[in-house]
Amino acid sequence: MAKVIAGATVSLDGYVQDADGDYGALYADFGSLESSAYMRQLQEETGAVLMGRRTYDLAEDPDGYADGYEFQVPIFVVTHEPPPVAPKRNDRLWITFVPDGVAEAVARAVEAAGDLDVTFIGGAEVFGQLMAHGLVDELAIDVMPVLFGGGVRLFDGGAGSVPPGTTLEKVSVQEIGVRTSLRYRVVRDGA
């Protein structure tokens, strides 16, 4: 059965965006990351992608997902309002907009992923909702050697955030160029 892996890249001080809303410094290494063994392994393990609408909207051209997105698998976008025109698709990648909340989006993504994992790629808001609803099996947090000193934190402590007392079990620590990739399993009560 598919695991739901909540992925995020953060600054060393825990931000996914700086005070101006910029996240570019977190992906300064994207060119080398794209062709790395680390990325190839993520691609091989991922059967579906889950993302929030703001992350989806970062694409200059939504049709570009089908043309060259690094995960050529079904994508499920959590949104309040689907766009009026569906983006281009191919035989491996199509985009489904899910207005019924994160639990429904996860259920659809898990079904589509089959025996592979569901990888969440997105912002702090949907990340927090996934954690608050207990829908995450593993965290995949990449830390970049930059300090933002303010902005949007991944773990903000607000509504829709990590339940207090969440216990994690270390799965792996990898060095990929300048980034450090931390992987943790979310320990469920009684597990």
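Conventions used here
- Going along each chain's sequence as written, the residues are numbered from 1 onward.
- In view of the model being predicted, local features appear only for residues whose pLDDT reaches at least 70, and side-chain atom pairs are presented and counted only at 80 or more, with totals across whole chains, interfaces and linings using the full set of residues.
- The side-chain values count all of the structure's non-hydrogen atoms but skip hydrogen atoms and water molecules.
- Per-residue accessibility, obtained with a 1.4 Å probe over protein chains only, is compared with the maximum for each type, and a residue is labelled buried under 20%, exposed over 50%, and partly exposed between these values.
- For helices the rule is a DSSP run of H or I covering at least 4 residues; for strands it is a run of E covering at least 2, with both sets numbered from the N terminus onward.
- Only when DSSP finds a minimum of two bridges between them are two strands counted as paired.
- The contact criterion used throughout is that any non-hydrogen atoms of two residues lie within 4.5 Å.
- What makes a salt bridge here is a side-chain nitrogen of Lys or Arg within 4 Å of a carboxyl oxygen of Asp or Glu, nothing more.

Chemist: Got a minute to help me understand the pairing of strand β6 (residues 117–121) in this structure?
Modeler: The side chains of a regular strand alternate between the sheet's two faces. Counting buried positions along β6 yields four of five residues, so the element is predominantly enclosed. Relative to β6, strand β1 (residues 4–11) runs parallel, the two sharing four bridges. Across the sheet, residue Ile 5 finds its bridge partner in β6, namely Thr 119. Summarising the sheet, strand β3 (residues 46–52) and β6 pair through four bridges and their orientation is parallel. Residue pairing in the sheet places Ala 48 in a bridge with Val 118 of β6.

Chemist: I would appreciate a short explanation of the environment of Gly 150 in the present structure.
Modeler: Tracing the backbone shows Gly 150 in the loop between β7 (138–144) and β8 (152–153). What makes Gly 150 buried here is its relative accessible area of 12%. Each C-alpha atom of the pair Gly 150 and Ala 19 lies 5.2 Å from the other, and the pair is 131 residues apart in sequence. Sequence-distant contacts of Gly 150, that is, excluding residues within four places in its chain, are made with Tyr 15, Gln 17, Asp 18 and Ala 19.

Chemist: So what exactly am I meant to see when it comes to the pattern of salt bridges here?
Modeler: Pairs can form between side chains of opposite charge once their charged atoms are near each other. Under the criterion given, the structure shown has eleven salt bridges. Between Arg 53 and Asp 57 there is a salt bridge; the shortest N-O distance is 3.1 Å. Judged by relative accessible area, which is 22%, Arg 53 ranks as partly exposed. Measuring nitrogen to oxygen at the nearest pair gives 2.5 Å for the salt bridge that ties Lys 88 to Asp 67. With Lys 88 in the loop between β4 (75–78) and β5 (95–98) and Asp 67 in helix α4 (residues 64–68), this residue pair connects regions lying 21 residues apart in the sequence. For Lys 88, a relative accessible area of 40% puts it in the partly exposed group. Owing to a relative accessible area of 52%, Asp 67 belongs among the exposed residues under this scheme. Members of the salt-bridge network, linked through shared partners, are Lys 3, Glu 138 and Arg 183.

Remember, this is a structural readout, not a statement about activity or role.
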